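Architecture and fold: a report
Residue-level listing of the chains:
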Amino acid sequence: MADTNDKLIDAKQKLAEKRSGEGKGIGLEFPAPGRLPPGQKLVTDSWPVLDLGLQPDIPPDMWLLKISGAADERTFKWEEFLTLPQTELVTDFHCVTTWSIYDARIQGVLWQDFLKHLNVKPEATHVMFHGYDGYTTNVPLSELEQPDVALIHSFDGKPLERVHGGPVRMWVPQLYGWKSAKWLKAIEFMNKDKRGFWEVRGYHNHGNPWKEERYS
Ligand SMILES: Nc1nc2c(c(=O)[nH]1)N[C@H]1C(S)=C(S)[C@@H](COP(=O)(O)O)O[C@H]1N2
Ligand SMILES: [Mo]
């Protein structure tokens, strides 16, 4: 992680510190009325890009996805990944930096289908997603049961652009965008919770946009 954009990371961490406690316990119901979560702005002309200043370039035939931790270890290659059941989804997506996009049309493998190809141990409770840029983010297994959670490789029918995490990224659209790891490299099943990259830098551990769980 030597070449990350440390200034940007510092600035975001400072903002998280400054805004610590905001949006907690304000008692919004889930789902909030209306489509746009509180404090968000709809972006219609582009899909913003956010990362640590590194955008790994992984040709699909070099891409490997490792499964580790409280699950039988195995590694998926691109070709094998494409033989898994493929689904198209249309979902909204919300970033903690306040932009939202509507109706992202994405293609990939639903988490619930992917799980059928793994042998996860009963003691697993959380997952750490690892990106090829060294990024990590933690999500409870129960949250991943939501029907729109997927490992995606395409957007609008075209291969997911490198800047958005191609060849494969996570899609956890019911949580803020930082929970959707780009350039997916490894899925680590854990028997307890552990904080990921932004979670240790002041971002909320859970990240529900409808409850404005932005900072911790
Ligand atoms: N590997 C990796 N995944 C990542 C990030 C990152 O820096 N590295 N940034 C996160 C953040 S903060 C957001 S908002 C979304 C942004 O996705 P996008 O750039 O496709 O809009 O990716 C998330 N996933
Ligand atoms: Mo973000």
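Data block above holds the structure.
Rules behind the numbers
- Residues numbered from 1 in each chain as written.
- Chains lettered and ligands numbered in written order.
- Predicted model: local features only at pLDDT ≥ 70, side-chain atom pairs only at ≥ 80, totals over all residues.
- Heavy atoms only, no water.
- Helix = DSSP H or I, 4+ residues; strand = E, 2+ residues; numbered from the N terminus.
- Rg over C-alpha atoms; globule rule 2.2 N^0.38 Å.
- Buried < 20%, exposed > 50% of the residue type's maximum accessible area, 1.4 Å probe, protein only.
- Contact = heavy atoms within 4.5 Å.
- Areas by Shrake-Rupley, 256 points an atom, 1.4 Å probe, with all protein chains shown as cover.
- Lys, Arg positive; Asp, Glu negative; His and termini not counted.
- Charge placed at Lys NZ, Arg CZ, Asp CG, Glu CD.
- 1 Å grid on protein atoms, 1.4 Å probe; cavity = no way out; pocket = protein on both sides within 12 Å on 5 of 7 lines; lining within 4 Å.
- Points joined across faces, edges and corners; volume = space filled by probe spheres on them.
- Nonpolar A, V, L, I, M, F, W, Y, C, P; charged D, E, K, R; others polar.
- Phe/Tyr/Trp six-rings, centres within 6.5 Å; stacked < 30°, edge-to-face > 60°.
- Lys NZ or Arg CZ within 6 Å of the ring centre and 35° of its normal.
- Pairing = 2+ DSSP bridges.
- Salt bridge = Lys/Arg side-chain N within 4 Å of Asp/Glu carboxyl O.
- Polar contact = N/O pair within 3.5 Å; in protein donor to acceptor, adjacent residues only side chain to side chain.

1. Focus: the overall build of the protein chain
- Across its full length, the protein chain carries four helices and 11 strands.
- Relative to the compact-globule value of 17 Å for 216 residues, the protein chain shows a C-alpha radius of gyration of 17 Å, a close match.
- Expressed as lengths along the three principal axes of its C-alpha atoms, the size of the protein chain is roughly 45 × 40 × 40 Å.
- Of all 216 residues assigned to the protein chain, the portion counted as buried reaches 50%.
- Within the protein chain, counting contacts between residues at least 6 apart in sequence, those at least 24 apart form 71% of the total.
- With an accessible surface of roughly 10,400 Å², the protein chain has 52% of that area assigned to carbon and sulfur atoms.
- Considering the protein chain, the positive charge centre built from 26 side chains and the negative charge centre built from 30 side chains are found 4 Å apart.

2. Some thoughts on empty space enclosed by the protein
- Applying the stated criterion across every chain, the model contains one cavity of 30 Å³ or more.
- Taken together, 24 residues make up the lining of the largest cavity; nearest its centre are L50, D51, G177, W178 and K182.
- Here the lining of the largest cavity is built from residues that sort into 15 nonpolar, four polar and five charged.

3. Focus on the packing of aromatic side chains
- In the structure shown here, the tally under the stated rule is 16 aromatic pairs.
- Seen in terms of ring centroids, F93 and W99 are 6.1 Å apart; in terms of plane orientation they differ by 45°. Their pairing is tilted.
- The exposure class of W99 is buried, given its relative accessible area of 11%.
- The structure contains a cluster of three or more aromatic residues connected by ring pairs, namely Y135, Y176, W178, F197, W198, Y203 and Y215.
- Its end group placed over the ring of Y102, R35 keeps NZ or CZ at 3.9 Å from the ring centre.
- Over the ring of F197 we find R201, and its NZ or CZ is 3.7 Å from the ring centre.

4. A word on the pairing of strand β11 (residues 184–190)
- By the criterion of burial, β11 is predominantly enclosed, with five of the seven residues buried.
- Note that strand β2 (residues 64–69) and β11 share four bridges and pair parallel. Bridge pairing in β11 places G69 opposite F189.
- Sheet analysis places strand β6 (residues 126–131) next to β11, joined by six bridges and oriented antiparallel. Opposite M128, over in β11, you have E188 as the bridge partner.

5. Description of the side chain of E213
- Relative to the helices and strands, E213 resides in the segment after β11.
- Notably, E213 is buried but unbridged: the nearest opposite-charge side chain belongs to K211, and the N-O separation is 4.5 Å.
- There is a polar contact of 2.8 Å between the side chain of E213 and the side chain of H206.
- In terms of polar contacts, E213 uses its side chain to reach the backbone amide nitrogen of N208, at 2.9 Å.

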